[in-house]
Amino acid sequence: EERGIPFFEEKMGSSDIHFIDTEGCNFYQPNRIDELGKVLAEVGDTIEVVLTLSASAKEVDLYGAVHQFSPLCPSSLIFTKLDETLAPGALINVSVKTDLP
C-alpha cells in the first residue's frame, strides 16, 4: 500500500506495470475526484486510467460517472458485476456514446 491506496505491482520484462486499485468513491462528490487526481498526478506522467463501472448500474448513472471522472482522462472502461444484470445493452451504449473502448 502506497499513499494510502491499495497498490499492486507486477514486473513484465524490462517494463514495469503498476496496477492501482482505489476504493470506490461517490462520483457526485467532486472533491473526491480532485483528491484522486492529485494522487494519480504524484504517480507520474505515464499513467493510464481505466474507469471501472458496475454493469448493474442504471445507464444514466454510468454516463454520470464517465462525465464526472472525465478530468482524470480515462482511456477505457471495465465493467464489473456482469452476473448482476439481465440487460447489458447499456454497457454497449455507454462505451459507444462516450467513445471509450
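Preceding this paragraph is the structure being described.
Conventions and cut-offs
- Residues numbered from 1 in each chain as written.
- Predicted model: local features only at pLDDT ≥ 70, side-chain atom pairs only at ≥ 80, totals over all residues.
- Heavy atoms only, no water.
- Helix = DSSP H or I, 4+ residues; strand = E, 2+ residues; numbered from the N terminus.
- Buried < 20%, exposed > 50% of the residue type's maximum accessible area, 1.4 Å probe, protein only.
- Contact = heavy atoms within 4.5 Å.
- Areas by Shrake-Rupley, 256 points an atom, 1.4 Å probe, with all protein chains shown as cover.
- Pairing = 2+ DSSP bridges.
- Right-handed = clockwise from strand over helix to strand, strands pointing away.
- Salt bridge = Lys/Arg side-chain N within 4 Å of Asp/Glu carboxyl O.
- Polar contact = N/O pair within 3.5 Å; in protein donor to acceptor, adjacent residues only side chain to side chain.
- Core = buried A, V, L, I, M, F, W, Y, C linked by side-chain atoms within 4.5 Å.

> Sorry if this is basic, but what is going on with the overall build of the protein chain here?
Along the protein chain, the regular secondary structure elements total three helices and four strands. The helix and strand sequence of the protein chain, counted from the amino end, reads β-β-α-β-α-β-α. Looking at the protein chain as a whole, 28% of its 101 residues qualify as buried. A separation threshold of at least 6 residues defines the contact pool for the protein chain, and within that pool the share at least 24 residues apart is 62%. Accessible surface computed for the protein chain: about 7,000 Å², of which carbon and sulfur atoms make up 54%.

> What am I meant to see in the pairing of strand β3 (residues 49-54) here?
Successive residues of a regular strand alternate their side chains across the two faces of the sheet. In β3, alternate side chains face the same way, and those of V49, L51 and L53 are buried while those of V50, T52 and S54 on the opposite face are not. Pairing analysis gives six bridges linking β3 to strand β4 (residues 74-80), with the strands arranged parallel. Counted as the bridge partner of L53 is F79 from β4. Taken together, β3, helix α2 (residues 59-69) and β4 form a β-α-β motif whose crossover is right-handed.

> Honestly, the side chain of S76 in this entry has me stumped. Any pointers?
In this fold, S76 is placed in strand β4. Classification of S76 as buried rests on a relative accessible area of 15%. Not counting the four nearest positions on each side in its chain, S76 is found in contact with E48, V49, V50, L51, L100 and P101.

> Looking at this structure, I do not really get the pattern of salt bridges. What am I missing?
Oppositely charged side chains can pair when the atoms bearing their charge come close. Considering all chains together, one arrives at one salt bridge under this definition. Note that D61 and K58 form a salt bridge whose closest N and O atoms lie 3.5 Å from each other. Given a relative accessible area of 26%, D61 falls into the partly exposed group.

> Any chance you could explain the side chain of T85 here in plain terms?
Here T85 lies in the loop between β4 and α3 (89-98). At 3.1 Å, the side chain of T85 forms a polar contact with the backbone nitrogen of A87. If we ignore the near neighbours within four places in the chain, the residues touching T85 are A55 and S56.

> Whenever I open this one, the environment of H67 confuses me. Can you help?
Within the secondary structure, H67 is located in helix α2. Considered as a pair, H67 and F27 are 40 residues apart in the sequence and their alpha carbons are 9.1 Å apart.

> So what exactly am I meant to see when it comes to the nonpolar core here?
Generally speaking, soluble globular proteins have nonpolar side chains that are buried together. Among the nonpolar cores identified, the biggest contains 20 residues, and L53, L62, V66, F69, L72 and L77 are the most heavily contacted of them. Listed by contribution, the elements that provide at least two residues to this core are α1 (30-43), β3, α2, β4 and α3. Ranked by the residues each element gives to this core, the list is headed by α2, at four residues. Other than its neighbours up to four places away in sequence, F69 contacts C25, F27, I33, L36, L51 and P74.

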